[in-house]
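Each chain is listed here by its residues.
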Amino acid sequence: MTLIDVHLTPDYTSRALKEDVRAGLTADPKWLAPKWFYDARGSELFEQITRLPEYYPTRAEREILTARAAEIAELTGAHTLVELGSGSSEKTRLLLDGLTKHGTLTTFVPLDVSETALREAAAAINADYPALTVHGVVGDFTAHLDKLPGEAPRVVAFLGGTIGNLLPTERETFYTSVREVLEPGEWLLLGTDLVKNPATLVAAYDDSAGVTAEFNKNVLRVLNRQLGADFDVDAFSHVAVWDPENEWIEMHLRADRAMRVLIPEIRLEVDFAEGEELSTEISAKFHRHGVEAELDKAGFTPGAWWTDPEERFALSLWQAV
């Protein structure tokens, strides 16, 4: 059985894009939010990135899930799996396999801002796991966590290292929000990329084939198509750097020449100086003690901490107290 709850208005994405672009391109320094990479082309490019030899996080997390899915099921006894983000990937299925084999899982709840992506994911999961109730939620994890359905105990999965795209204050808000919607004894399953050799990190975000560069530039194509902007995409260069103080990767787009960009849909003109950089993403990397401190502050106690054999990536389980 498939159910879909829609908590976003039809114009939500368009309105949010306009608000973000105006805020980011009138700021100093300029920025754009990474969620705007992901139109159909951006999603396709990211799938290519996950298969690149330099991009280890997806493989490393999959290795952990392959080894630990049954253990996750045993520890949690979950009746409901909630996944923040579209839930039809191989990693989702590894979790679903482990939980269904354990015999406790009855419901899968994917949450995504894209109704189209969510309906496709829900249909795919429903076809392959007909005994499960798939109860999709079209919503934003920054605003609609209190709308999550499902029978306790629930496991909320936030995978892929996406937590690293949030600034420290945003992470604190996120963890607190998750804790507020969980009953004591329910669970958060979290994927975090770990601090390692800077050369390895930079290579993962600046691959030799140039796929990540195309992915980064795709945000400009989204603005051109959705807002009528006239960005010369080829006049920007992809930049990925390691910030050792904050321990995160920064992705930027650097203007190769001075230019003025018009964005008719929001009646905005934006000037770029030659060499000026536009921030498009941070990807924080973590130490175990830092993750533990942030989750402890939010009201969680550690349940388990696993890494891949090379200790590049961690999957951790946290119980609401």
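To be clear, the structure that these remarks concern was listed above.
The structure contained in this document is the topic of the report that follows.

How each quantity is defined
- Residues numbered from 1 in each chain as written.
- Predicted model: local features only at pLDDT ≥ 70, side-chain atom pairs only at ≥ 80, totals over all residues.
- Heavy atoms only, no water.
- Helix = DSSP H or I, 4+ residues; strand = E, 2+ residues; numbered from the N terminus.
- Buried < 20%, exposed > 50% of the residue type's maximum accessible area, 1.4 Å probe, protein only.
- Contact = heavy atoms within 4.5 Å.
- Areas by Shrake-Rupley, 256 points an atom, 1.4 Å probe, with all protein chains shown as cover.
- Lys, Arg positive; Asp, Glu negative; His and termini not counted.
- Charge placed at Lys NZ, Arg CZ, Asp CG, Glu CD.
- Pairing = 2+ DSSP bridges.
- Axes fitted to C-alpha atoms, helices over the stretch in contact; angles between N-to-C directions.

Turning our attention to the overall build of the chain. The helix and strand tally for the chain stands at nine helices and 13 strands. For the chain, the spread of C-alpha atoms along the principal axes amounts to about 60 × 45 × 35 Å. Burial analysis of the chain (321 residues in total) assigns 51% to the buried set. Long-range contacts, defined as pairs at least 24 residues apart, comprise 72% of the intrachain contacts of the chain with a sequence gap of at least 6. With an accessible surface of roughly 14100 Å², the chain has 50% of that area assigned to carbon and sulfur atoms. Each charge sign in the chain was given a centre, from 30 positive and 53 negative side chains, and these centres are 2 Å apart.

It is worth spelling out the sheet that holds strand β8 (residues 248-255) at this point. Pairing is antiparallel in the open sheet, where three strands are placed in the order β7-β8-β11. On the outer flanks of this sheet lie β7 (236-243) and β11 (277-284), each paired with one strand and no other. Between one strand axis and the next, the sheet turns by 20° as a mean value, whatever way the strands run.

A separate point is the sheet that holds strand β13 (residues 313-320). Across the sheet, which stays open at both edges, the eight strands sit in the order β1-β4-β3-β2-β5-β6-β13-β12 with mixed pairing between neighbours. Every interior strand has two partners, whereas the edge strands, β1 (2-6) and β12 (300-307), have only one. Pairs of neighbouring strands in the sheet enclose a mean axial angle of 20°, with direction left out of account. Examined bridge by bridge, strand β3 (residues 107-112) and strand β4 (residues 133-138) share four bridges and lie parallel to one another. Bridge pairing in β4 places T107 opposite T133.

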